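# Inside the fold
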Amino acid sequence: MLRHTGSLTPSPWVTRFAPLIAAGGEVLDFACGSGRHARWLASRGFRVEAVDRDAVALELLVGVPHLSTREADLEEGAWPYAGRHFDAIVVTNYLFRPRLPLLLTALNHGGVLIYETFMVGNERFGKPSNPDFLLRSHELFERVADACTVLAYEQGEVSDPKPAVIQRICAVKGHNPSLRLPLAN
């Protein structure tokens, strides 16, 4: 069983764009791992559902105010969020392509998608190295742009918190070109 021992410090990408989420909004931290983003978002008054297949990691989140957990296999079986909608969805360090359209469906109109994960080229730095878990060049942008207004998108090599090749996007469901960007951290 996978054990999440990563940092509790939230990604600067997530903290930069979280102010776009409706105050007190409902947020899904999808494949939450250690729960670093779920904890951080809940501490800012958002109502957060943290979902992961790792029951041990989820146990560490029990009792955090404004935070509920759900143990679910996010790749097999029925989609656990049929009929549910969120003001924001946060995904970091996780990719399972068949669920991407369902994530967009679960996002409210005007809801914020904050997504950051690995892409081709990351195999130089270790795991993930399997192409099934690495985005292709511009893939995240292309998969999101039809349903959302893309506010920010980056891809390339980073050195912090560790060397990796990533893609990250912040998008708002629907098409609203007048959205204001938050200040960079």
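Note that the structure is a prediction, hence the values are computed from the model and not measured.

## Here's the deal with the overall build of the chain
Across its full length, the chain carries five helices and seven strands. In terms of its C-alpha atoms, the chain occupies a principal-axis envelope of roughly 45 × 40 × 35 Å. Taken across its 185 residues, the chain has 49% of its residues classed as buried. Expressed as a percentage of contacts within the chain between residues at least 6 apart in sequence, the contacts between residues at least 24 apart total 57%. In the structure as shown, the chain presents an accessible area of about 9300 Å², 54% of it carried by carbon and sulfur atoms.

## Observations regarding the packing of aromatic side chains
Applying the stated criterion across every chain yields a total of six aromatic pairs. When the centroid spacing of 5.8 Å and the interplanar angle of 45° are considered together, the rings of F30 and W79 count as tilted. Here the residue F30 occupies a position in strand β1 (residues 26-30), and W79 occupies one in the loop between β3 (67-71) and β4 (86-92), the gap between them amounting to 49 residues. Note on W79: relative accessible area 14%, which makes it buried.

## Notes on the pairing of β4
The side chains of a regular strand alternate between both faces of the sheet. Taken across its seven residues, β4 has six buried, putting it largely inside the fold. As judged from the four bridges shared by β1 and β4, these two strands associate in the parallel manner. When the sheet's bridge partners are listed, V27 is paired in β4 with A88. Direction of pairing for β4 relative to strand β5 (residues 107-118): parallel, over a ladder of six bridges. By the bridge assignment for β5, V90 is matched with I114.

## With respect to the side chain of E116
Locating E116 in the fold gives a position in strand β5. With a relative accessible area of 9%, E116 lands in the buried category. Within the structure, E116 has its side chain in polar contact with the side chain of S11 (distance 2.6 Å). At 2.8 Å, the side chain of E116 and the side chain of R168 are in polar contact. With near-sequence residues (within four places) excluded, E116 lies in contact with S11, W13, V91, T92, N93, I166, Q167 and R168.

The rules we used
- Residues numbered from 1 in each chain as written.
- Predicted model: local features only at pLDDT ≥ 70, side-chain atom pairs only at ≥ 80, totals over all residues.
- Heavy atoms only, no water.
- Helix = DSSP H or I, 4+ residues; strand = E, 2+ residues; numbered from the N terminus.
- Buried < 20%, exposed > 50% of the residue type's maximum accessible area, 1.4 Å probe, protein only.
- Contact = heavy atoms within 4.5 Å.
- Areas by Shrake-Rupley, 256 points an atom, 1.4 Å probe, with all protein chains shown as cover.
- Phe/Tyr/Trp six-rings, centres within 6.5 Å; stacked < 30°, edge-to-face > 60°.
- Pairing = 2+ DSSP bridges.
- Polar contact = N/O pair within 3.5 Å; in protein donor to acceptor, adjacent residues only side chain to side chain.

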